[in-house]
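# Chains, contacts and geometry: an overview
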Amino acid sequence: MKEAQGRFRKASDDLDSALNKHVGAPKTKPIECDEAANQLLVSRSKFTAASLEYTDKVCLQIKLSELVQLIKKFIWLFLHCSSGEASWNTVCIFIAWRI
């Protein structure tokens, strides 16, 4: 996840730099304006890809954390319920409710 975060931050910095270059490009020099516009398009594309990747990693981390919590609760219920069919019903109801 740290790698995705690093790519996101680099893409963000590159986009900021490209925006500044695009804004500061002299309008009297069309070649520089075109280069700045092209650099901005590439930077936007890289930023979009990096932000989607980073968001995906963060969401996956959250889902894994929620799954671990669910497994802990399941184990707790299993260990602390009385033995027999009633305990299994309680565990199954809990699982069905969480899903």
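Residues numbered from 1 in each chain as written. Predicted model: local features only at pLDDT ≥ 70, side-chain atom pairs only at ≥ 80, totals over all residues. Heavy atoms only, no water.

## Some words on the overall build of the protein chain
Looking only at helices and strands, the protein chain has 3 helices and 0 strands in total. When the elements of the protein chain are put in sequence order from the N terminus, they spell out α-α-α. A total of 99 residues make up the protein chain; the buried ones form 16% of that total. Sequence separation of at least 24 residues holds for 51% of the intrachain contacts in the protein chain that already meet a minimum separation of 6. (Helix = DSSP H or I, 4+ residues; strand = E, 2+ residues; numbered from the N terminus. Buried < 20%, exposed > 50% of the residue type's maximum accessible area, 1.4 Å probe, protein only. Contact = heavy atoms within 4.5 Å.)

## What about the packing of aromatic side chains?
Per the stated rule, a full pass over the model turns up 2 aromatic pairs. Both rings, one in Phe 8 and one in Phe 47, keep their centres 5.6 Å apart while their planes meet at 35 degrees; by these two values the pair is tilted. You can see Phe 8 sitting in helix H1 (residues 2–24) and its partner Phe 47 sitting in helix H2 (residues 30–80), a full 39 residues away along the chain. Residue classification places Phe 47 among the partly exposed residues on the basis of a relative accessible area of 23%. Relative to Tyr 54, the ring of Phe 8 lies with its centre 5.3 Å away and its plane at 20 degrees, an arrangement referred to as stacked. Separated by 46 residues along the polypeptide, Phe 8 in helix H1 and Tyr 54 in helix H2 bring together distant segments of the chain. Grouping aromatic residues by their ring pairs yields a cluster made of Phe 8, Phe 47 and Tyr 54. (Phe/Tyr/Trp six-rings, centres within 6.5 Å; stacked < 30°, edge-to-face > 60°.)

## As for H1
Taking 1.5 Å of rise per residue, the 23 residues of H1 would be expected to cover 33 Å, and the 33 Å separating its terminal C-alpha atoms lies within 8% of that figure. Looking only at H1, the buried set comprises Ala 4, Ala 11, Leu 15 and Ala 18. (Expected span 1.5 Å × (residues − 1).)

## Brief notes about the side chain of Ser 43
Note on placement: Ser 43 falls in helix H2. Residue Ser 43 is classed as buried on the basis of its relative accessible area of 9%. Those residues within four positions of Ser 43 in sequence are excluded, and the remaining contacts are Asp 14, Leu 15 and Ala 18.

## Structural notes on a nonpolar patch on the surface
Together, Leu 60, Leu 64, Leu 67, Ile 71 and Ile 75 make up a nonpolar patch on the protein surface, roughly 440 Å² of accessible area in all. Its relative accessible area of 44% is what places Ile 71 among the partly exposed residues. (Patch = residues over 30% accessible without salt bridge, like charges linked within 9 Å, V, L, I, M, F, W, Y side chains within 5 Å. Areas by Shrake-Rupley, 256 points an atom, 1.4 Å probe, with all protein chains shown as cover. Salt bridge = Lys/Arg side-chain N within 4 Å of Asp/Glu carboxyl O.)

## Comments concerning the confidence of the model for the protein chain
Predicted confidence across the protein chain gives a mean pLDDT of 81, with 77% of residues reaching 70 or more. The lowest-confidence element of the protein chain is helix H3 (residues 85–98), averaging 58 in pLDDT; the highest-confidence one is H1, averaging 90. (pLDDT = per-residue confidence, 0-100.)

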